[in-house]
Amino acid sequence: MSLVALVRLPLAVARAALAALRGRLGALCWSLSPLSLSLSLPSWRRVSTHSPAAPAGSRREREWDEPSPTPTSVNYHFTRQCNYKCGFCFHTAKTSFVLPLEEAKRGLAMLKEAGMEKINFSGGEPFLQDRGEFVGQLVQFCKQELKLPSVSIVSNGSLIRERWFKKYGEYLDILAISCDSFDENVNVLIGRGQGKKNHVENLHKLRQWCREYAVAFKINSVINRFNVEEDMNEQIKALNPVRWKVFQCLLIEGENTGEAALREAEKFVISDEDFEQFLDRHKDVTCLVPESNQKMRDSYLILDEYMRFLNCRNGRKEPSKSILDVGVEAAIKFSGFDENMFLKRGGKYVWSKADMKLDW
């Protein structure tokens, strides 16, 4: 180990311990205050998180009395900006805010101290920020300094270059690429078209880079009105991802439906029966992992760009206080996270590439 690495390691441990202590102090102060005032922490330049007032009355009291779930697997949507315009998107570009890198690292260290084993970076499009350098540095920090078992990214893949794999590939366990159709005309209808670039051709290029740089390859597909009749068996088997996540198109008030929404996803919605028929048509794909609307609403821990947990149980995204203000334990109580559903849907699996038996 180099001299630089020996110096950095104890500093990283100290930072994580200090972040956890601040988070616990924040949680204690927040729970004792009837006004839910967030703790002002002197060691960082305060970033406005626009956190709403704490949930009022019986809901707050009920959820505060319940034991806090463990943030085993966290999805951090650190940016809402995207270069695609998917019509069903349920995390739209309502702000352009991105936390400073060091603040994002501090929050990640707090999550690790609270029990996080897997972090998934998403958006928006994660590779938009600093041409992928921002997410690359977060990936390296989580694997090298926090030593998380699993670090993953969800991306549309359009902005990823081979030089990124050369620099950061060793720190990334899983790269998930969103692909909703293997018909480029359908991709254009959905909103994944980008001029002369071909989404499907790019998917195959990324698959090859994942092989060359030892990154597990995953595909995410949102099943909607435009692709529900498609047969993807042949293409998925040829690409051979470690997992193929198949989501049912989901409506979220204020994101892709309603007056304040930036998208109108109603025309993309399919019935439960339609979704089951799609799944049945692809039942022989061994890597298929189905996700109905009910599973999606309750079984994901989602952090927004301000590091607030988003509760989707009521069909809209209700934010907690930021973990940077009140700590993980206090914020997670209002996440709506169903730990049992998380386990039931197979949320915990072999997610470290060191444990995967893959033919790179």
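Residues numbered from 1 in each chain as written. Predicted model: local features only at pLDDT ≥ 70, side-chain atom pairs only at ≥ 80, totals over all residues. Heavy atoms only, no water.

An unreviewed UniProt entry annotates the protein chain as S-adenosylmethionine-dependent nucleotide dehydratase RSAD2 originating from Himantopus himantopus. Check the Subcellular location (unreviewed entry) section of the UniProt entry for the protein chain; it says "Endoplasmic reticulum membrane". You can read under Cofactor (unreviewed entry) in the UniProt record for the protein chain the words "[4Fe-4S] cluster". (UniProt positions renumbered as here; feature names shortened; annotations may be inferred.)

A. A look at the pattern of salt bridges. The tally for this structure, following the rule as stated, stands at 13 salt bridges. The salt bridge partner of Lys105 is Glu102, with a shortest N-O separation of 3.7 Å. Pair noted here: Lys105 and Glu102 are both in helix α3 (residues 101-113), with a separation of three residues, about one helical turn. A relative accessible area of 46% means that Glu102 is categorised as partly exposed. A salt bridge links Glu318 to Arg316, with the shortest nitrogen-to-oxygen separation between them at 3.0 Å. Given a relative accessible area of 38%, Arg316 falls into the partly exposed group. Shared partners join several salt bridges into a network, and the residues in it are Arg80, Glu255 and Glu305. (Salt bridge = Lys/Arg side-chain N within 4 Å of Asp/Glu carboxyl O. Helix = DSSP H or I, 4+ residues; strand = E, 2+ residues; numbered from the N terminus. Buried < 20%, exposed > 50% of the residue type's maximum accessible area, 1.4 Å probe, protein only.)

B. Region of the structure containing unusual backbone geometry. Between Gly123 and Gly124 the backbone carries a cis peptide bond, its omega angle lying at 15°. Position of Gly124 relative to the elements: it lies in the loop between β2 (118-122) and α4 (133-145). Positive phi, close to 55°, is recorded for Asp130, a residue that is not glycine. Here Asp130 shows up in the loop between β2 and α4. In the Ramachandran plot, Met307 falls in the positive-phi region, its phi being about 60° despite a non-glycine side chain. Looking at the element boundaries, Met307 is found in the loop between β8 (302-303) and β9 (308-311).

C. Main features of helix α7 (residues 199-212). Here α7 spans 20 Å end to end across 14 residues, near enough to the 20 Å set by a 1.5 Å rise per residue. Every buried residue belonging to α7 is among His199, Val200, Asn202, Leu203, Leu206, Arg207, Trp209 and Cys210, and all of these are buried. Viewed end-on, α7 has its buried residues packed into an arc of 170°, placing them on one side of the element. Buried residues along α7 sit in contact with α5 (162-168), β4 (174-178), α6 (184-190), β5 (216-223) and α8 (233-239). (Expected span 1.5 Å × (residues − 1). Arc of directions from axis to C-beta. Contact = heavy atoms within 4.5 Å.)

D. Seen up close, the nonpolar core. Counting 76 residues, the largest nonpolar core has Tyr76, Leu108, Ile119, Phe121 and Trp244 as its most contacted members. Each residue touching Phe121, except ones within four places of it in the same chain, is listed here: Tyr76, Phe78, Leu108, Pro126, Val135, Leu138, Val139, Cys142, Val151, Ser152, Ile153 and Val154. Grouped together as the second largest cluster of nonpolar side chains are 17 residues, Cys86, Val186, Ala265 and Ile302 included. (Core = buried A, V, L, I, M, F, W, Y, C linked by side-chain atoms within 4.5 Å.)

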